[in-house]
Amino acid sequence: MSTAPKTHVHATLPPGAAPDWTIPQDWAAYSAQDHATWDLLFARQKAQLPGRACAAFLRGIDILALSRPGIPDFDELSERLMAATGWRVVAVPGLVPDDVFFDHLANRRFVSGTFIRRPDQLDYLQEPDVFHDVFGHVPLLADPVYADYMQAYGEGGLRSLRFGALHKLARLYWYTVEFGLVREAGGLRLFGAGIVSSHGESVFALDDPSPNRIAFDLERVMRTNYRIDDYQQSYFVIESFDALLRATAEADFAPVYARLEALSDLAPETLLPEDRLLTRGTQAYARGRAA
Ligand code: PHE
Ligand code: FE
């Protein structure tokens, strides 16, 4: 899935779903139009992302070139992903409860929705569809270090529930898995699924003078609110997936959560004196939208 886990889902198991909330993808039920939408979105992003997406993402895209064009068949995709890093992709009926979501990640199962956006929603859609879930997330799951990060995140998610700290941990997901940037030799590159699956934001996040670009700091990120309805006002930049894994999987979050209790939350655009800034944003885009 897609966006950061939601903190309040009280839905019950939908009819037809397994106890772990998975459902069959029912690939045969997609229409020609559905497949054409995927092909169009795929071609457009594949052409836009060289020089923008990080090297691991560009390497991973090839895993999506399956035996047939159109929306990937999750079973075929899973076979490939399994061979690369031991991950698989399973279908779910939209949002699942947090503990179910984390349990899947902790067991190297990436949960994906099955619906695809309508042709009039090619450029923007707030809720994740199968293009976001699969194109945005799966290529990096073929990278061994990133694959370990996502599994560790699932384990950490289950742990965060015991600390009542899910909303803090969700921000880490948001600012890395969904909207993260990484510094590479050639310059800043994209790795967040919410960016690479968006035609507009994959330009905005790198090129626009509006947003802040701030060096990743775990506690800083976990204090920072985010917006779910528009481009981000701040992006956080990691040094590498190895560095991200060290700062998270190899750290004990119990004292981190405790320290964060005493600190106020920050608005998305706020800058702190101790921030290591790569770009100080003008916030012109956000101001224009608010006017
Ligand atoms: N190490 C974290 C903890 O102690 C868990 C975690 C790992 C969180 C990886 C995010 C990513 O809770
Ligand atoms: Fe996502």
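Coordinates for the structure precede this section.
Residues numbered from 1 in each chain as written. Chains lettered and ligands numbered in written order. Predicted model: local features only at pLDDT ≥ 70, side-chain atom pairs only at ≥ 80, totals over all residues. Heavy atoms only, no water.

## What to know about the pairing of strand β1 (residues 88–91)
What counts is decided by this rule: At least two bridges found by DSSP between two strands is the condition for calling them paired. Secondary structure elements are defined from DSSP: runs of H or I of at least 4 residues count as helices, runs of E of at least 2 residues count as strands, and each element is numbered from the N terminus. Look down the strands so they point away from you; if the path from the first strand over the helix to the second goes clockwise, the crossover is right-handed.
Two strands pair when backbone bridges link them, and β1 and strand β2 (residues 109–112) are joined in this way by four bridges, in the parallel orientation. Bridge pairing links R88 to R109 in β2. Handedness of the crossover joining β1 and β2 through helix α4 (residues 98–106): right-handed.

## Things to note about α4
Our working rule: Throughout this description, buried means an accessible area under 20% of the type-specific maximum (1.4 Å probe, protein chains only), exposed means over 50%, and partly exposed covers the range between. We call two residues in contact when some of their heavy atoms are within 4.5 Å.
Counting buried positions along α4 yields seven of nine residues, so the element is predominantly enclosed. Within α4 the residues assigned to the buried category are D98, V100, F101, F102, H104, L105 and A106. As for α4, its buried residues are in contact with β1, β2, α6 (144–162) and α7 (166–178). Immediately downstream of α4, the backbone of R108 shows phi near 60 degrees, a positive value.

## Some words on the site of ligand 1
Definition in use: Proximity is defined per residue: if any heavy atom of the residue lies within 4 Å of a molecule or strand, that residue is considered near it. Pairs of N or O atoms within 3.5 Å make up the polar contacts considered here, provided that, within protein, one atom can donate a hydrogen while the other can accept it, and that residues adjacent in sequence are counted only when both atoms are side-chain atoms. Note that accessible areas follow from Shrake-Rupley with a 1.4 Å probe, and for residues the cover is restricted to the protein chains shown. Note on residue categories: nonpolar means Ala, Val, Leu, Ile, Met, Phe, Trp, Tyr, Cys or Pro, charged means Asp, Glu, Lys or Arg, and polar means any other residue, Gly included.
Neighbouring residues of ligand 1: Y149, A152, Y153, G156, R159, L169, L172, T248, A249, A251, D252 and F253. At a separation of 2.6 Å, a nitrogen atom of ligand 1 approaches a polar backbone atom of A251. Contact distances for ligand 1 include 2.9 Å between an oxygen atom and a backbone N or O atom of F253. For ligand 1, whose accessible area on its own is 330 Å², the fraction buried by protein is 93%. Among the secondary structure elements, those contributing two or more residues to the shell around ligand 1 are α6 and α7. Here the shell around ligand 1 takes five residues from α6, the largest share from any one element. The class makeup of the residues in the shell around ligand 1 is eight nonpolar, two polar and two charged.

## Structural notes on the packing of α7 against helix α12 (residues 253–261)
Inclusion rule: Lines fitted to the C-alpha atoms define the axes, with helices restricted to the stretch that makes contact. Angles between their N-to-C directions range from 0 to 180 degrees. An angle below 35 degrees is treated as roughly parallel, one above 145 as roughly antiparallel, one from 65 to 115 as roughly perpendicular, and anything else as oblique.
Contact pair α7 / α12: the axes reach a minimum separation of 10 Å and the direction vectors enclose 105 degrees. Put simply, α7 runs roughly perpendicular to α12. Contacts between α7 and α12 involve K168, L169 and L172 from the former and F253, Y257, L260 and E261 from the latter. Classifying every residue of the contact of α7 with α12 gives five nonpolar, no polar and two charged.

## Some words on the packing of α6 against α7
This is how the line gets drawn: Each helix crossing is assigned a hand: it is left-handed if the near helix lies turned anticlockwise from the far helix by less than a right angle, otherwise right-handed if that turn is clockwise.
Here α6 crosses α7 at 165 degrees, and the two axes come no closer than 9 Å. Of the possible angle classes, the one that applies to α6 and α7 is roughly antiparallel. For the pair α6 and α7, the crossing hand works out as left-handed. The segment α6 lies against α7, with Y146, Y149, M150, Y153, G156, G157, S160 and L161 engaging L166, L169, A170, L172, Y173, T176 and V177. Of the residues assigned to the contact of α6 with α7, the class counts are eleven nonpolar, four polar and no charged.

## A look at the pattern of salt bridges
Formally: Between Lys or Arg on one side and Asp or Glu on the other, a salt bridge is scored when a side-chain nitrogen of the former is within 4 Å of a carboxyl oxygen of the latter.
The full count for this structure, using the stated rule, is 16 salt bridges. For R108, the salt bridge goes to D148, with nearest N and O atoms at 2.4 Å. Placement of R108 in the loop between α4 and β2 and of D148 in helix α6 is noted, with a sequence separation of 40 residues between them. We note a salt bridge from D252 to R159, for which the minimum N-O separation is 2.9 Å. Taken together, the residues span a long stretch of sequence, with D252 in the loop between α11 (241–248) and α12 and R159 in helix α6 at a distance of 93 residues.

## Quick look at the packing of aromatic side chains
Operational definition: Pairing of aromatic side chains here covers Phe, Tyr and the six-membered ring of Trp, requires ring centres within 6.5 Å, and sorts the geometry by plane angle: under 30 degrees stacked, over 60 edge-to-face, intermediate tilted. Working rule: Lys NZ or Arg CZ, within 6 Å of ring centre, within 35 degrees of ring normal, means a charge sits over the ring.
Across all of its chains, the model carries 21 aromatic pairs by this definition. Aromatic side chains F57 and F135 sit 5.6 Å apart centroid to centroid with 70 degrees between the ring planes, which places their arrangement in the edge-to-face category. Here the residue F57 occupies a position in helix α2 (residues 55–60), and F135 occupies one in helix α5 (residues 130–141), the gap between them amounting to 78 residues. Its relative accessible area of 0% is what places F57 among the buried residues. Ring centres 5.9 Å apart and planes at 70 degrees place the aromatic pair F101 and Y173 in the edge-to-face group. Taken together, the residues span a long stretch of sequence, with F101 in helix α4 and Y173 in helix α7 at a distance of 72 residues. As far as the burial class goes, F101 and Y173 line up, both buried. An aromatic cluster is defined as three or more aromatic residues linked by ring pairs; in this entry it consists of W38, F42, F57, F131 and F135. The ring of W27 carries R68 above its face, with NZ or CZ at 4.0 Å from the centroid.

Taken by themselves, the reported measurements are silent on function.
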